[in-house]
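Tertiary structure, described
Here are the chains, one letter per residue:
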Amino acid sequence: MLMKESFSRLFGLVEKETDQIKQISVEAIVPSPYQPRTLFHEERIDELCQTIRVHGVIQPIVVRRKGQGYELIAGERRLRAVKKLGMTTVPAVIRDMSDSQAASAALIENLQREGLTAIEEAHAYQKLIELHQLTQESLAQRLGKGQSTIANKLRLLQLPQAVQEELLKRTITERHARSLLALKEPSRQLEVLKEILERDLNVKQTEERVRRLLEKEPAAPKKKGKRKSVSRDFRIAINTIRQSIDMVKQTGMDVLTDEKDHQDYVELVIRIPK
């Protein structure tokens, strides 16, 4: 509880002592667009249903007003269980929150609970960085985590969408995925991913496969002159742009991109058909 309160305070989300619990219509609640959790295990929902059937909803959900109804901020699993039980109302705390505050609250609430996949956690970190204009170091300090932990999660967002989907489905582990990052070409990463799935490679076997592929790659020619160091803010900016492009592609649009790495800057050309 103390950790939760400190997180809320650090992100400007302090609970009010005057919060009142009200029974509101289940049908009047729409899902949170900021929910980082995309997979919900039915067996866990069924277990929660049994608890609610016996004891009721012990902890109210949190919502904010949205149009004529409400938008969920925290309590997705509880709401799903209530719906599954056929209940028409649910106890809720109604908060007055901006979009940024609602997004932060939804992300933090889920980060504090177990069960997020590595890729869901990475997206949650990225969203918090964008919402609050944070560096990796400052986010790590606010969450009480090591900067390397945040950095390793965010690096997963550089992997092809197919790899991220397998992480989401838990068919591969985070360590499998991190070993693929050593391969710079997405085609190579997908090649090894296929082998992992088809041959059921463990992490050690995957790392060995990656090592052998790296040994076959020709050594990169040495560039003359001193290369400028790349700042963390630069990497965050580039990763954010790439992630945005991937999101647009997922809508079905045939987006064409061309990325060139120059000495002093990176040139990104994006072509979106009308």
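Scope of this entry: the structure provided in the associated data block. Fair warning: this is a prediction, and the values are worked out from it, not measured in the lab.

**Quick word on the overall build of the protein**
Tallying secondary structure elements over the protein gives 12 helices and 7 strands in all. Residue pairs in contact within the protein that sit at least 24 positions apart in sequence constitute 69% of those at least 6 positions apart. Here the protein displays about 17200 Å² of accessible surface, and carbon together with sulfur accounts for 50% of that area.

**Topic: the sheet that holds strand E2 (residues 29-30)**
One open sheet holds the 5 strands; their spatial order is E1-E5-E3-E4-E2, and the pairing between them is mixed. Edge strands, defined here as strands with exactly one partner in the open sheet, are strand E1 (21-25) and E2. Where E1 meets strand E5 (residues 89-95), 5 bridges bridge the pair, whose relative direction is antiparallel. Bridged to Lys22 within E5 is Ala92. The sheet strands contacting helix H3 (residues 76-84) are E2, strand E3 (61-66), strand E4 (69-74) and E5, and the helix crosses E4 at an angle near 125°.

**A few points about the side chain of Arg209**
Inspection of the secondary structure assignment puts Arg209 in helix H11 (residues 203-216). The contacts of Arg209, once residues within four sequence positions are left out, are Glu191, Val192 and Glu195.

**A look at the pairing of E4**
For E4, a buried count of 6 out of 6 residues is recorded, marking the element as mostly surrounded by other parts of the structure. Two strands pair when backbone bridges link them, and E2 and E4 are joined in this way by 2 bridges, in the parallel orientation. Within E4, the residue paired with Ile29 across the bridge is Tyr70. Connecting the antiparallel pair E3 and E4 is a turn made up of 2 residues, with Gly67 showing a positive phi of about 60°.

**Observations regarding helix H6 (residues 136-143)**
Buried within H6 we find Gln136, Leu139, Ala140 and Leu143. All buried residues of H6 fall inside an arc of 100° around its axis, so they share one side. Looking one or two places after H6, you find Gly144, whose phi comes out positive at around 70°.

**Focus on helix H7 (residues 147-155)**
All of the buried residues along H7 are Ile150, Ala151, Lys153 and Leu154. One side of H7 carries all its buried residues, which in axial view fall inside an arc of 165°.

**Side note on unusual backbone geometry**
The phi dihedral of Arg170 falls on the positive side, at around 65°, and the residue is not glycine. Positionally, Arg170 belongs in the loop between helix H8 (161-168) and helix H9 (174-180).

**Some remarks on the environment of Arg95**
As for its placement among the helices and strands, Arg95 is situated in strand E5. On the basis of relative accessible area, Arg95 is assigned to the buried category, the value being 16%. Separated by 32 residues in the primary sequence, Arg95 and Val63 place their C-alpha atoms 6.1 Å from one another.

**A few points about the packing of helix H5 (residues 118-132) against H8**
The geometry of H5 relative to H8 is characterised by a closest axis approach of 7 Å and an angle of 115° between their N-to-C directions. When the interaxial angle is binned, H5 and H8 end up roughly perpendicular. Residues Ile119, Glu120 and His123 of H5 form the contact with H8, whose own contacting residues are Gln164, Leu167 and Leu168. In terms of residue class, the contact of H5 with H8 is made up of 3 nonpolar, 2 polar and 1 charged.

The rules behind the values
- Residues numbered from 1 in each chain as written.
- Predicted model: local features only at pLDDT ≥ 70, side-chain atom pairs only at ≥ 80, totals over all residues.
- Heavy atoms only, no water.
- Helix = DSSP H or I, 4+ residues; strand = E, 2+ residues; numbered from the N terminus.
- Contact = heavy atoms within 4.5 Å.
- Areas by Shrake-Rupley, 256 points an atom, 1.4 Å probe, with all protein chains shown as cover.
- Pairing = 2+ DSSP bridges.
- Axes fitted to C-alpha atoms, helices over the stretch in contact; angles between N-to-C directions.
- Buried < 20%, exposed > 50% of the residue type's maximum accessible area, 1.4 Å probe, protein only.
- Arc of directions from axis to C-beta.
- Parallel < 35°, antiparallel > 145°, perpendicular 65-115°, else oblique.
- Nonpolar A, V, L, I, M, F, W, Y, C, P; charged D, E, K, R; others polar.

No statement about biological role is implied by the geometric values presented.
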